[in-house]
Amino acid sequence: MDITRRRLLSVLAASGVLAAVPVGPAGAAETAEGVRRLLANTIAVFAGTEAANSRPETAAKVAAAERTARTNLAALDAASGEGTELFAGVPLGTSDPNLTTTYQRLYEIALATVTPGVSPDLYGSSAVRGRVVDGLQWLHTHYYGDQSQGYYGNWFSWEIGIPQHISRTLVLLGDQVPAPLVSAYVASMDAYLRNGKDGDVDLDSRFHTGANLADITTNRILQGAVTGGAPGEARIRKALTDQLTVFATVDPYALRHGVTDGYYADGSFIQHASVAYTGAYGKGLLTRVVQTLKILDGTGFVAADALLPTIHGWVRDGFAPLIFEGWMMEAVKGRSVSRTGTGYADVATVVEAVVDLASLSSGAEATALASYVKHLRASSRAALDPTTFVSPLSIVRYTAVLADASVPAADLNAPARSVAFNAMDRTVHRRPGYAFTLSRSSRRISKYEYMSGENLMPWFQGDGAHHLYLSGQDQTQAFGIDYFTTVSPYGLAGVTAPVEHRGTVPELYDGKLFYDNPSHPLNFTASSESQNRYVYFPTATQAYSGGAVLDGVYGAAGWVQSDDVPWRDRQAGILPDDFIAYRNARATKSWFLLDDEVVILSAGVGDAPGAGRAVTTTVDARIAAAGDAVSVTEGDGWTHWANTTQHVSVGYVRLAGPAPKVRLDTVTRSRRVVRTSNPDTAVTKQVFSVTVEQEAGSRPAAFAYVLLPHATPDAVRAAPRVQLLANTPRLQAVRHTSLGLTAANTFTSGTHHTAGLAVEGPASVLVRREGKKVTVAVSDPTTERDTVSVTLHGRALRRTDGDDAVHVRPVPGGTRLDVTTRHAYGRSFSCQLAE
């Protein structure tokens, strides 16, 4: 498929990455050499080289490739011979996962035949490679080539998963695959791109976005390389052009192709239109684009230097805040929080991408990336296993980074850092001893993600749920799958939930993994937009979710709890009668993020009007191994929890509201309760919780707590340095005396007064006074206001520095700040003032 130079230029200009594609003409010989280099690079990336694979650090990787190939060959030999399977125990015809696995196993056999260091009976063996070719031919004839029989199950298998294994296998086998078979496979892969257009990518398709688009286009680059000639070159260039669109920062006010998936200016990453997803799909996108740049290195098809600054920004501002001591935070993992893999394994994937990115970079950026790799290795509480890397070359580079004494270990985060990922309704607050992560939701961002039997009980994961990560602890013992397995889904840390039983999707719909009703006007099928909107990842129904950050160090976040879209539309009669939706509780909440304290305010807490249910708010919930030495101490208005086995502790100070209930229970559950395909492994944990419980019919309540990470009992007993100023559904505010900091969230229209401040309408405001210096940070958590105005009462102040959006003028009795927030999407604006 050809692409005109005019279209190439217009697409890239719109994406802001025009300089990445050379626009000068390339001769046939130069292009052929580029394709040859592309094929060689691909084999080196996946199989390694003679030099790399002869090193001791890659020995385990090479041995694993050989073992896997031999296991697959044995299964190939043991197949029934009845035409229903290629590998024993993997029946074909109705299961797309089985067909994907079958192609993956062929790829793994082919990989061993080109991996230097593998035994001679496999490495370079024409006979073994011939068996792979025969398998490809048989599968295409019987289970893949017939378009009328294919495309059952998940679209991802047919448009991404299976083509990935096929494309790589064709590259590895090279000329041993007959040209007609290559052509047949390329044509079939085009035909299965059914969410595309005319057998190619469609940038207007909701399926061809973000990480999915990067996967599809990388596959097509490899397909172009094996096709060869002018058609192959055109495919490579078109695929690359499409992939480069993922480098464009998403502007929510000027969407390209209507796509909200991708990276935002504040470092947020969204996939599936509204899911905070840095830790899974974002990780996949980072991996794929870096891998693609390695494949294209030296080919002349792309100038990587123009793209590297964008990827550096992803790592620095998108990933680094979300990784704590080598652990990927749960708040950005969507449904994958229910999988048995750990946050440490997630970060190992990121480390490989960063190692390769450093090798493509130069100067200070290369050093900073290498230093970050060293930091991750040094700070992680789990050994990073480089044999999990995809490429043996990455293992060699990683080893070299660790061995380079001239490169210091250095975090990309400042020791004290507060980050408002308002574009994806997440907040991260970091200090040397802890990290606090908050998950919010809104009309813009989903409350949770469920799909395909994964994350079966997700209902409140975006309803103000938080994770408090403590330094020095093995996070597998505090969070990960065992947290979601043993902590009640209604009792996640930070959550206000009605006391009721909710059914999982399979429980509600006769064991099906989705709501199946294709005859309804909304067309509920497995991959329909209605399924996404109402079952897989529904959004909330209110706009207020966000907050401000002052000097990148202190933060405020506010959120209003609401019903979700399914409940609203079910009540409106839009949804079918047999569709089940649940009504939420009510609360207005603020989080004020300081140095030693995390302050949590809740007001208007109770059930929805007329619902008649009891409501429980979980101030915090923590788990510990069954054998850990856990102690809980309570006093007048305070609670202290400690796990002396893990050397961690948290204090809880009640500033206002009813006394909580404190519990320490032993809970045993199977990991299968959160994901249907998890092994039926029983997990036993000590579950600690601090809750505020309200009986059915109770009046709305207000309460305030301070969380003190790593606090001693004496520190918890001491009077808090936080003063509660206001805690209502209209205004929530605190003052920290020693910091000179006042923080406020306002939620309604009108003028709100507190501690020398007057704030017009809904806003988030931080003010810090240090001598004669005053610093102010302001944001619009609704993302819908044009201007936010704040008046500081007292002496008139003059502006000394700050954002252009902040306009300062004296007014009677003080200083007024008018902040232009139009189209800022929740961004904080700040200024410095002086007397």
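Caption draft 1: Layout of the pairing of strand β32 (residues 806-811). Here β32 runs beside strand β33 (residues 814-820); their pairing, made up of six bridges, is antiparallel. In the strand pairing of β33, H807 is matched with D818. Taking the residues that link successive antiparallel strands as the turn, the β32-β33 hairpin has two residues, and the phi of G813 there is positive, at about 85°.

Caption draft 2: Looking closely at the packing of helix α4 (residues 59-77) against helix α5 (residues 96-113). α5 packs onto α4 with a crossing angle of 130° between their chain directions and a minimal axis gap of 8 Å. Our classification of the angle between α4 and α5 gives oblique. Crossing handedness for the pair α4 and α5: left-handed. Residues A65, T68, A69, N72, L73 and A75 of α4 form the contact with α5, whose participating residues are R105, E108, I109 and A112. Classifying every residue of the contact of α4 with α5 by side-chain character gives six nonpolar, two polar and two charged.

Caption draft 3: Geometry of the nonpolar core. Formed by 168 residues in total, the largest nonpolar core has its most connected members in L99, Y144 and Y185. The leading source of residues in this core is helix α13 (residues 343-360), at eleven residues. Sequence-distant contacts of Y144, that is, excluding residues within four places in its chain, are made with L99, Y103, L139, W158, I162, P163, I166, Y185, S188, M189 and Y192. L470, W641, V648 and V650 belong to the second largest nonpolar core, which has 27 residues in total.

Caption draft 4: Here's a closer look at the pattern of salt bridges. This model, assessed by the stated rule, comprises 47 salt bridges. R430 is the salt-bridge partner of D411, the closest N and O atoms lying 3.8 Å from each other. Of the two residues, D411 is situated in the loop between α15 (392-403) and β6 (417-421) and R430 in strand β7 (residues 426-431); the sequence distance between them amounts to 19 residues. Looking at D411, the relative accessible area reads 27%, which means it is partly exposed. Looking at R430, the relative accessible area reads 6%, which means it is buried. Salt bridges sharing common partners tie together D190, D200, R220, R235, K238 and D242.

Caption draft 5: Focus on the sheet that holds strand β3 (residues 275-276). Overall, antiparallel pairing links the three strands, which are arranged β1-β2-β3 in an open sheet. On the outer flanks of this sheet lie β1 (262-263) and β3, each paired with one strand and no other. Inspection of the sheet shows β1 paired to strand β2 (residues 269-271) by two bridges, in the antiparallel sense. What sits directly across from G262, in β2, is I270.

Caption draft 6: Fine view of empty space enclosed by the protein. Using the criterion set out here, one finds nine cavities of 30 Å³ or more in the structure. Volume-wise, the largest cavity comes out at about 230 Å³. For the largest cavity, the lining is made up of 19 residues, of which Y448, W459, V505, I580 and Y582 are closest to its centre. Of all elements in the fold, only α17 (505-508) and α18 (529-536) reach the threshold of two or more residues within the lining of the largest cavity. The class makeup of the residues in the lining of the largest cavity is 15 nonpolar, two polar and two charged.

Caption draft 7: Expanded view of the confidence of the model for the protein. Chain-level statistics for the protein give a pLDDT mean of 95 and a share of 97% at 70 or above. Contacts of residues 1-9 to residues separated by more than four positions or lying in other chains number 21 contacts, the stretch itself having pLDDT below 50.

Caption draft 8: View of the packing of α5 against helix α6 (residues 126-144). Running from N to C, α5 and α6 cross one another at 160°; their axes reach a closest spacing of 9 Å. It follows that α5 is roughly antiparallel to α6 by the angle criterion. Seen along the crossing, α5 lies across α6 with a hand that is left-handed. Here α5 contributes L99, T102, Y103, L106, I109, A110 and T113 to the contact with α6, which in turn contributes V128, R129, V132, G135, L136, L139, H140, Y143 and Y144. In terms of residue class, the contact of α5 with α6 is made up of eleven nonpolar, four polar and one charged.

Caption draft 9: Summary view of the packing of aromatic side chains. One pass over the structure, following the stated rule, counts 40 aromatic pairs. Between F324 and Y469, the ring centres sit 6.4 Å apart and the planes meet at 40°, which makes this aromatic pair tilted. One end of the pair, F324, is in strand β4 (residues 323-324); the other, Y469, is in strand β9 (residues 465-470), with 145 residues separating them in the sequence. Residue class for F324 comes out buried when judged on its relative accessible area of 4%. For the pair W327 and Y344, a centre-to-centre distance of 4.8 Å together with 80° between the ring planes defines the contact as edge-to-face. Taken together, the residues span a long stretch of sequence, with W327 in strand β5 (residues 327-328) and Y344 in helix α13 at a distance of 17 residues. Assigned by exposure class, W327 and Y344 land together as buried. Aromatic rings pair up to connect Y103, Y144, Y151, Y152, W158, Y185 and Y192 into one cluster.

Basis of the calculations
- Residues numbered from 1 in each chain as written.
- Predicted model: local features only at pLDDT ≥ 70, side-chain atom pairs only at ≥ 80, totals over all residues.
- Heavy atoms only, no water.
- Pairing = 2+ DSSP bridges.
- Helix = DSSP H or I, 4+ residues; strand = E, 2+ residues; numbered from the N terminus.
- Axes fitted to C-alpha atoms, helices over the stretch in contact; angles between N-to-C directions.
- Parallel < 35°, antiparallel > 145°, perpendicular 65-115°, else oblique.
- Left-handed = near helix turned anticlockwise from the far one by under 90°.
- Contact = heavy atoms within 4.5 Å.
- Nonpolar A, V, L, I, M, F, W, Y, C, P; charged D, E, K, R; others polar.
- Core = buried A, V, L, I, M, F, W, Y, C linked by side-chain atoms within 4.5 Å.
- Buried < 20%, exposed > 50% of the residue type's maximum accessible area, 1.4 Å probe, protein only.
- Salt bridge = Lys/Arg side-chain N within 4 Å of Asp/Glu carboxyl O.
- 1 Å grid on protein atoms, 1.4 Å probe; cavity = no way out; pocket = protein on both sides within 12 Å on 5 of 7 lines; lining within 4 Å.
- Points joined across faces, edges and corners; volume = space filled by probe spheres on them.
- pLDDT = per-residue confidence, 0-100.
- Phe/Tyr/Trp six-rings, centres within 6.5 Å; stacked < 30°, edge-to-face > 60°.

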